[in-house]
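Breakdown of the fold
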Amino acid sequence: MSKGTAVVTGAANGIGQAYAQRLAADGFDIAVADVVDAAATRALVEAAGRRFFSAIVDVTSPASTLQFATDVSANMAPVVALVNNAGIYPWKSFEDTDYETWRKVMGVNLDGAFLMCKAFVPGMVARRHGRVVNVASTTFWLNAPEMTAYIASKGGVIGLTRALASEIGASGVTANAIAPGLTNTKSMRGVNEEIYEYLPKQQAIPRVIEPQDLVGVVSFLCSSDSAFVTGQTIVADGGQVRV
Ligand SMILES: NC(=O)c1ccc[n+]([C@@H]2O[C@H](COP(=O)([O-])OP(=O)(O)OC[C@H]3O[C@@H](n4cnc5c(N)ncnc54)[C@H](O)[C@@H]3O)[C@@H](O)[C@H]2O)c1
């Protein structure tokens, strides 16, 4: 039997796809919002025997996110989990970060999480059942140059998580964040290949993090076992930072 629908943004690729696959294995039907086609994720979710829905959604658009909520509600079981994973990470010095880049990063990473919460949290609160998981980053605690807009946006994600948890806790809906360390994805390798040579060596567990290393945290935060955990950020970075 389905546990209900888990919405995962940016799950056409990378870590989000691994979250979707794991949540399907956990018994959730999956709805994916991404700017690109999620056919590969559909195959993984359906192979796990769960229902799948996706749409081309730009998480920076209030209209697009609200339409997605309407479409998910028309096609799928009620949404019980929302994983705000869509994110971008242009590698740019502060000097080279113009306002347009800053706004773009804030738009996807922070506004996107806010807008998806606006679209899905009211339904969870009304049903008094739900889990929000926002995706932050371990860079928030690191000396990581050339990521000003990114780190600022992920700090915002942690703030959004904490504040939202306070407002929805009485309804039994939780809001938490996962902060992954540098993880092996095509996109991240595309922006900075050299970092994979030295950063993993600084972790307590000194190897490259794979998306599969992260999925258990999201599984827990979407489960009934985490019912009394809210407003928290769980760092999953092989023990590089201690918060
Ligand atoms: N890879 C890492 O090392 C790492 C480390 C820490 C945190 N993270 C975070 O994990 C998340 C996923 O990272 P990834 O490496 O898997 O990235 P990825 O590029 O592989 O996947 C991101 C997905 O988001 C989608 N997306 C981008 N803009 C969007 C928009 N406006 N609306 C909807 N979807 C959009 C992309 O199409 C893509 O499918 C991001 O939030 C990232 O900041 C990644």
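The following refers to the structure shown.

Rules used throughout
- Residues numbered from 1 in each chain as written.
- Predicted model: local features only at pLDDT ≥ 70, side-chain atom pairs only at ≥ 80, totals over all residues.
- Heavy atoms only, no water.
- Patch = residues over 30% accessible without salt bridge, like charges linked within 9 Å, V, L, I, M, F, W, Y side chains within 5 Å.
- Areas by Shrake-Rupley, 256 points an atom, 1.4 Å probe, with all protein chains shown as cover.
- Salt bridge = Lys/Arg side-chain N within 4 Å of Asp/Glu carboxyl O.
- Helix = DSSP H or I, 4+ residues; strand = E, 2+ residues; numbered from the N terminus.
- Phe/Tyr/Trp six-rings, centres within 6.5 Å; stacked < 30°, edge-to-face > 60°.
- Buried < 20%, exposed > 50% of the residue type's maximum accessible area, 1.4 Å probe, protein only.
- Lys NZ or Arg CZ within 6 Å of the ring centre and 35° of its normal.
- Disulfide = S-S within 2.5 Å.

With that out of the way, let us pick up a nonpolar patch on the surface. Taken together, the side chains of Phe140, Trp141 and Val243 present a nonpolar region at the surface, about 290 Å² in accessible area. Here Val243 lies in the segment after β7 (233–236).

Okay, the packing of aromatic side chains next. Applying the stated criterion across every chain, the model contains four aromatic pairs. With a centroid separation of 6.0 Å and 90° between ring planes, the pair formed by Tyr89 and Tyr150 is classed as edge-to-face. Of this pair, Tyr89 sits in the loop between β4 (79–84) and α4 (99–127) while Tyr150 sits in helix α5 (residues 148–168); the two residues are 61 residues apart in sequence, bridging distant segments of the chain. Residue class for Tyr89 comes out buried when judged on its relative accessible area of 19%. Take Tyr150: its relative accessible area is 9%, and that puts it in the buried class. Through pairs of rings, three or more aromatic residues link up here, namely Phe53, Phe68 and Phe120. Here the guanidinium or amino end of Arg189 rests over the ring plane of Tyr196, the centre of that ring lying 3.9 Å away.

Right, let's get into the state of the cysteines. Counted by the stated rule, this structure contains zero disulfides. The structure places no disulfide on Cys117, whose sulfur is separated from the nearest cysteine sulfur, that of Cys222, by 12 Å. You can call Cys117 buried: its relative accessible area is 6%.

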